[in-house]
Amino acid sequence: MLGLMQNRPLLISEILNYVERLHPEREIVSRDPDGIIHRTNYGEIAGRARRLASALKGLGLQPGDRFATLAWNTYRHFEIYYGVTGSGLVLHTVNPRLFPEQLQYIMNHAEDAYVGFDPVFTPLVESLAPHLPGVKGWIALCDREHMPKAQVANLICYEELLAAAAPDFVWPSFDENTACTLCYTSGTTGNPKGVLYSHRSTLLHGLAANAADALAFSARDSILMVVPLFHANAWSLPFSGAMAGAKLVLPGPKLDPESLWMLMETEGITKALGIPTIWLNFIAWVEANKTKEEIARLKLKLVGSGGAAVPRATIEKFRDLFGVYVLQAWGMTETSPLATTGAPLAKHEGVAQSELIEMQIKQGRQVFGIEVGLFGKDGERLPHDGASVGELKVRGNWVISGYFKGVGGQVMDAEGWFGTGDVAAIDPDGYVRLTDRLKDVIKSGGEWISSIEIENIALSHPDVFEAAVIAIPHPVWQERPLLIVHPRPGRTPTKESILDFLSTRIAKWWMPDDVVFVESLPHTATGKLLKTELRKTFGGQLAVAG
Ligand code: ADP
């Protein structure tokens, strides 16, 4: 017997209809590349998104066509999220930090029909255009006064396009399984692969992101969206933030600590979300430049961090300096991305701070709607006992079922599990502890050593700013860990002091065979340590050791 409830498609345009009616005055604040603050609200954004939808129809775009963006976090990029997807087109958010060859590959692969770009990306656009024959027009995201002199065919002014468009576009209704956004994984190995989200997956993911033990946005929140709109749908914030009617603050290209602090202070930020390297730099700057009284005046309540492991020291500093909880989340482009979050359980109430930190440095528990499982080398299920280590697999309504255009073949097994390529343990409470990427695991004498754990401990050393651990070949043990350290400015730690520090905190056989110091560590376009590069540079380090 079927239930007798209404069955309406879960469409992104419903979010816009909601905020337009219920939160029209709630602000969307954005900072342009020159540092100028722009204020608008959901009511205005909804109107502009409708004009954009009319304009794109006028340009001849058909449902399913791809509209790409090369843009920072600004109000224009935010309204494009809605104008494009609401009208049944697919928004392809492109990461401008990728190498030009990767950009050409993904934009051709996606068959982008039009590209909206921030004027600061004009040189990039000019270099890409000759290689993208499928692009019919380039839309500069600015008004006439700020139009760049880009040498590209069919250059269009975004504000003029909107001004000339009909304001009365009616959002169409269609199948909720229709594609809405497209993101490519950064592809540290092989070509990037496209992840194509649906309206349904996006709405379910947005609702899950707003659960109390996840991001828990409310109409009273003021959210600093440090995570870029071109990184995995900015972790759902454009959708989950709007579903809550929260104020959204978009920092533009300036993600330096001083700029972030300024926005936190002036915009009454309650929740801020970004990757660990952002917070590492932010804390170092605050410690050097701000007093306890100034910090106490901030309204910040929660820092969300994901994309890479959050160092213990970052969690402690936010607690001690700011009185702020760091909520770690784990996920990937293929999981929309939110899959686990590190909120405490009732049993954590009143526990010692050290015990709470042990929980917080884990990657968190599955949110409702996602299932995580642990699997051994032969595909056997491993127990969630906190000790067994295996590949983490996930399934759920916002997990990928296949890459765009079938690249990479079958990605789901018969039971719907998607292999993440992450290695983890899961404790009896369900907290996932990531130990490595499969490709970064250090195999020493038949056992695995966790690079993430050693990095995390090294980061607690007062002289260490950033640390990476990689496997290097060893004639006896197969592989051994090498620790690469970027010291804090003005500090000159020695190998001995670092090894002494580690020796009381990790098992003897996990101790790095060597420590090298560098002036900076390489990162991927999404801010992760670029270990392929480090292996190229330091891979032979210990081959001769006995
Ligand atoms: P890319 O940067 O390649 O586009 P994603 O942003 O999808 O890819 O990255 C997903 C990967 O990032 C995960 O598989 C995992 O290895 C890593 N990651 C994400 N969140 C965390 C976290 N909280 N702790 C450790 N690693 C994380």
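Numbers given to residues run from 1 along each chain, matching the order in which its sequence is written. Two thresholds apply to this predicted model, a pLDDT of at least 70 for residue-level local features and 80 or more for giving and counting side-chain atom pairs, whereas whole-chain, interface and lining totals are computed over all residues. To get the side-chain values, take all heavy atoms of the structure and skip hydrogens and water.

Chemist: What exactly am I supposed to notice about the sheet that holds strand 4 (residues 90–93) here?
Modeler: Strand pairing in a sheet relies on backbone hydrogen bonds. The paired strands run either parallel or antiparallel. Whether two strands pair comes down to DSSP finding at least two bridges between them. Helix numbers and strand numbers start at the N terminus; a helix is a DSSP run of H or I with at least 4 residues, a strand a run of E with at least 2. Within the open sheet, the seven strands sit side by side as 7-6-5-3-4-8-9. Their pairing is mixed. Both edges of this open sheet fall to strand 7 (155–157) and strand 9 (194–198), since each of them pairs with a single strand only. The mean inter-strand angle of the sheet, taken between neighbouring strand axes irrespective of direction, is 25 degrees. When strand 8 (residues 179–184) meets strand 9, the two strands line up antiparallel, connected through five bridges. From the neighbouring strand, Ala179 faces strand 9, where its bridge partner is Ser198. Sheet contacts for helix 4 (residues 100–110): strand 3 (66–70), strand 4, strand 5 (112–117) and strand 8; angle to strand 8, the most-contacted strand, approximately 155 degrees. To get an axis, a line is fitted to the C-alpha atoms, and for a helix only the part in contact is used. The angle between two axes follows their N-to-C directions and goes from 0 to 180 degrees. Here, two residues are considered to be in contact whenever any of their heavy atoms come within 4.5 Å of each other.

Chemist: Sorry if this is basic, but what is going on with the pattern of salt bridges here?
Modeler: Salt bridges are defined by distance alone: a side-chain nitrogen of Lys or Arg within 4 Å of a carboxyl oxygen of Asp or Glu. Enumeration over the complete set of coordinates arrives at 28 salt bridges. In this structure, Lys247 engages Glu27 in a salt bridge whose closest nitrogen and oxygen atoms are separated by 3.7 Å. Here the residue Lys247 occupies a position in strand 11 (residues 247–250), and Glu27 occupies one in strand 1 (residues 27–31), the gap between them amounting to 220 residues. Owing to a relative accessible area of 25%, Glu27 belongs among the partly exposed residues under this scheme. Here the salt bridges do not stand alone but share partners, grouping Glu27, Arg39, Lys247 and Glu267 into one network. Each residue gets one of three labels from its accessible area relative to the maximum for its type: buried under 20%, exposed over 50%, partly exposed in between, using a 1.4 Å probe on protein chains only.

Chemist: Please explain the domain arrangement of the protein as it appears in this structure.
Modeler: A common way to state how big an interface is: give the accessible area lost once the parts meet. Source of the domain bounds: an automatic or database domain assignment. Domain parsing of the protein yields domain 1 (12–168 + 175–209), domain 2 (255–437) and domain 3 (442–538). Each of domain 1 and domain 2 has a C-alpha centre, and these two points are 27 Å apart. The term buried area refers to how much accessible surface (probe radius 1.4 Å) is lost by two components on association, counted for both of them together. Between domain 1 and domain 2, roughly 1800 Å² of surface is buried when both sides are summed, and carbon and sulfur atoms account for 66% of that area. The largest share of the area that domain 1 buries against domain 2 comes from Arg31, Lys193 and His205, three residues that together contribute 28% of it. At the surface where domain 1 touches domain 2, the tally comes to two salt bridges. In terms of residue count, the dominant contributor to the side of domain 1 that touches domain 2 is helix 7 (residues 199–209) (six residues). Any residue that is not Ala, Val, Leu, Ile, Met, Phe, Trp, Tyr, Cys, Pro, Asp, Glu, Lys or Arg is counted as polar, Gly included; the first ten are nonpolar and the last four charged. Taken together, the residues of the side of domain 1 that touches domain 2 sort by class into twelve nonpolar, five polar and seven charged.

Chemist: Whenever I open this one, the site of the ligand confuses me. Can you help?
Modeler: The immediate surroundings of the ligand are formed by 18 residues, with Ser186, Thr333, Asp422, Arg437 and Thr526 found nearest. Polar contacts here mean pairs of N or O atoms no more than 3.5 Å apart (in protein, one a potential hydrogen donor and the other a potential acceptor; neighbouring residues in sequence count only if both atoms are side-chain atoms). Take Ala308: an N or O atom from its main chain is 3.4 Å from a nitrogen atom of the ligand. A distance of 3.1 Å is found between an oxygen atom of the ligand and a side-chain nitrogen or oxygen belonging to Lys528. Note on areas: Shrake-Rupley with a 1.4 Å probe; residue coverage comes only from the protein chains shown. In isolation the ligand exposes 570 Å². Once the protein is present, 91% of that is buried. Elements supplying a minimum of two residues to the shell around the ligand: strand 14 (325–331) and strand 20 (432–437). Whether a residue is near a molecule or strand depends on its heavy atoms: it is near if one of them lies within 4 Å of it.

Chemist: What is the right way to look at the packing of aromatic side chains in this model?
Modeler: Pairs of aromatic rings are described using the distance from one ring centre to the other and the angle between the two planes. When the centres of two rings from Phe, Tyr and Trp lie within 6.5 Å, Trp using its six-membered ring, the rings pair. Their planes under 30 degrees apart give stacked, over 60 give edge-to-face, and anything left gives tilted. A full pass over the atoms with the stated rule returns 15 aromatic pairs. Here Phe169 and Trp171 contribute two aromatic rings whose centre-to-centre distance is 5.3 Å and whose plane-to-plane angle is 70 degrees, an arrangement assigned as edge-to-face. Note on accessibility: Phe169 and Trp171 belong to one class, buried. Among the aromatic side chains, those forming a connected cluster through ring pairs are Tyr42, Phe78, Tyr81, Tyr82 and Phe239. Lying across the ring of Phe501, Arg505 places its NZ or CZ 3.6 Å from the centre. Sitting over a ring, as applied to charges here, requires NZ of Lys or CZ of Arg to be within 6 Å of the ring centre and within 35 degrees of the ring normal.

Chemist: What's the story with the sheet that holds strand 18 (residues 390–396) in this structure? I'm lost.
Modeler: Spatial ordering of the open sheet is given by 17-18-19-20, a layout of four strands whose pairing is antiparallel. With partners counted over all chains shown, the strands left at the sheet margins are strand 17 (370–375) and strand 20, one partner each. If you compare each strand with its neighbour and ignore which way they point, the axes differ by 50 degrees on average. In this sheet, strand 19 (residues 418–426) lies alongside strand 18 in antiparallel orientation, the contact comprising four bridges. Residue pairing for strand 19: Lys393 is matched across the bridge by Gly419.

Chemist: Is there a simple way to explain the pairing of strand 15 (residues 338–341) in this structure?
Modeler: Moving residue by residue along a regular strand, the side chains alternate between the two faces of the sheet. Sheet topology note: the strand 14/strand 15 ladder contains three bridges and is antiparallel. Bridging from a neighbouring strand, Gly331 pairs with Leu338 of strand 15. Counting the residues that bridge the hairpin from strand 14 to strand 15 gives six residues, and of these Ser336 lies at a positive phi of roughly 80 degrees. Inspection of the sheet shows strand 15 paired to strand 16 (residues 365–366) by two bridges, in the antiparallel sense. Residue Thr341 lies in a different strand from strand 16, and its bridge partner there is Arg365.

Chemist: I keep staring at helix 15 (residues 495–503) and nothing clicks. Help me out?
Modeler: Given 3.6 residues per turn, any residue in an α-helix points the same way as the ones three and four places further on. Three or more residues of helix 15 are buried, namely Ile498, Leu499, Phe501 and Leu502. Buried residues in helix 15, looked at end-on, bunch into an arc of 160 degrees, giving them a common side. Of the exposed residues in helix 15, those oriented more than 90 degrees away from the buried face are Glu496 and Asp500. The elements touched by buried residues of helix 15 are helix 14 (451–458), strand 23 (464–474), strand 24 (478–487) and strand 25 (514–517). This arc is built from the directions going out from the helix axis to the C-beta atoms.

Chemist: Would you mind showing me how to read the environment of Lys57 here?
Modeler: Along the chain, the position of Lys57 falls in helix 2 (residues 42–58). Considering only alpha carbons, one finds Lys57 and Ser87, 30 residues apart in sequence, at a separation of 8.5 Å.

Chemist: Just checking my understanding: could you explain unusual backbone geometry for this structure?
Modeler: What is expected of a backbone is that most residues other than glycine have negative phi and most peptide bonds are trans. In this model, Ser336 is joined to Pro337 through a cis peptide bond whose omega is 15 degrees. Inspection of the secondary structure puts Pro337 in the loop between strand 14 and strand 15. The phi torsion at Ser236 lies on the positive side, around 85 degrees, for a residue other than glycine. By secondary structure assignment, the location of Ser236 is in the loop between strand 10 (222–225) and helix 8 (237–244). The backbone of Ser336 shows a phi angle near 80 degrees, a positive value even though the residue is not glycine.

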